[in-house]
Amino acid sequence: MYQELQILSPAVPTRELCVLRHCRRVDSSSWAIADVSVDYLLGNYVEACARKLPSGCLISEMANGCSKITWIEHVEIEEKNPIHILFQYLVTSGAAFEARRWVSNLRRTAERNAFSISAGIANDLGGVIPTPEAKQSMMKLAQRMVKSFCATFSGSIANKWIMMPGSNDAYQVYFHKTDTPRLAGGEMVSAATSVWLPLHPERLFSFLKDEQNRNLWEVSKEEVKFQRVAHFINGSNSGNSISILNRSKSTSSLLILQESCTDASGSLLVYSPLGLPSLDMVRRGEDASSVQLIVSGFTIVPDDGFAGAVAGGGPLTSSSSPAGGVSGSLLTVGFQTVMNKTEGAEIGREAVASINLWISNTIEKIKTALLYH
């Protein structure tokens, strides 16, 4: 198997692994999945910068119908490329790719799956999601949206991130373009940047996911407020939820599909415009796989190490330096838009300026709302 271990930021390259996987039922109530790098088995220590020694998970059946997961990661790393200063502590401490990340994500995914098949429907405030079938259609569409975001904004070698012209020292913005057959005459442009903020991850996540705060960070030509028209929780943590938002006092007929999810390893907030015909398809409980999604959002990773790493003179500004040991967060902003192909093979100057301005304004609005007041 070929694997890429990813952090959801273009600033961190993926770790590539070629492994052999063995799956085995150990006894009547336990199963094992084990991986080991081919490079390790063959003694090839020249090419690979990451080698997985015997690693994997043990799955044990429990009396209450649940499973106990024991996960072990045993990896040798030889860093051949400089690590971006924002992520140095996260990577070198082992937190970026540790086993607890996989267990946390597995637990959250299991909870989401359990909620998807439950009979309850959304707290929709107006009959927007009227049936369990409509709820499942909405959850599948939101899941596809989150998967698209994760695939788009990782450091995968398939994305071929390029430093965007005009990036300043404060925000190094990366972008890549993807041809999408459904977008007649256009192509998708994805841009992202990461920044460290002296804010506790829970506070930052709570602020971003609350639709009442959305007008405080969203860059828009219109002064609008947002309200939920459908919402339900899909995990034991109330932060794991799916919503449909409406722009009040807006000339746009587009709604917003939003999913937020959080666990011990970090948090995600992903959203996409949703047209009324697409919502009608969801309401009828139909397959929404044909709905075009243009995904944007945020990732939040807990990080207390960046401030200490740069305390000896690193590039912290007075506005971003921590006070009194406040916990910090690594915030990655991902933005996706459609660009007209007539602008040529290279991204046009106006598009560059517009995307850079959108990202920098979004971050500054978040800082203004949470740091300067």
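Residues numbered from 1 in each chain as written. Predicted model: local features only at pLDDT ≥ 70, side-chain atom pairs only at ≥ 80, totals over all residues. Heavy atoms only, no water.

A. Examining the overall build of the protein more closely. When you go through the protein residue by residue, the secondary structure sums to nine helices and 16 strands. Across the 373 residues that make up the protein, the buried fraction comes to 46%. When the accessible surface of the protein is split by element, carbon and sulfur atoms take 54% of a total near 18700 Å². (Helix = DSSP H or I, 4+ residues; strand = E, 2+ residues; numbered from the N terminus. Buried < 20%, exposed > 50% of the residue type's maximum accessible area, 1.4 Å probe, protein only. Areas by Shrake-Rupley, 256 points an atom, 1.4 Å probe, with all protein chains shown as cover.)

B. Spotlight on the environment of Met1. Turning to its location among the elements, Met1 is positioned in the segment before strand 1 (2-5). Of the residues examined, Met1 reaches a relative accessible area of 48% and is grouped as partly exposed. For the pair Met1 and Arg21, spaced 20 residues apart in sequence, the C-alpha to C-alpha distance is 7.1 Å. With residues up to four places along the chain from it excluded, the contact list for Met1 reads Leu17, Cys18, Val19 and Arg21. (Contact = heavy atoms within 4.5 Å.)

C. Focus on the pairing of strand 2 (residues 15-27). Direction of pairing for strand 1 relative to strand 2: antiparallel, over a ladder of four bridges. Bridge pairing links Gln3 to Leu17 in strand 2. Relative to strand 3 (residues 30-37), strand 2 runs antiparallel, the two being bridged by eight bridges. In the sheet register, Cys23 faces strand 3, and the bridge partner there is Ile33. Connecting strand 2 to the next strand, strand 3, in antiparallel fashion are two residues. (Pairing = 2+ DSSP bridges.)

D. Region of interest: helix 3 (residues 99-116). The end-to-end C-alpha distance of helix 3 is 26 Å, a good match for the 26 Å that 18 residues give at a rise of 1.5 Å each. For helix 3, the complete set of buried residues consists of Ala99, Arg101, Trp102, Ser104, Arg108, Arg112 and Ser116. (Expected span 1.5 Å × (residues − 1).)

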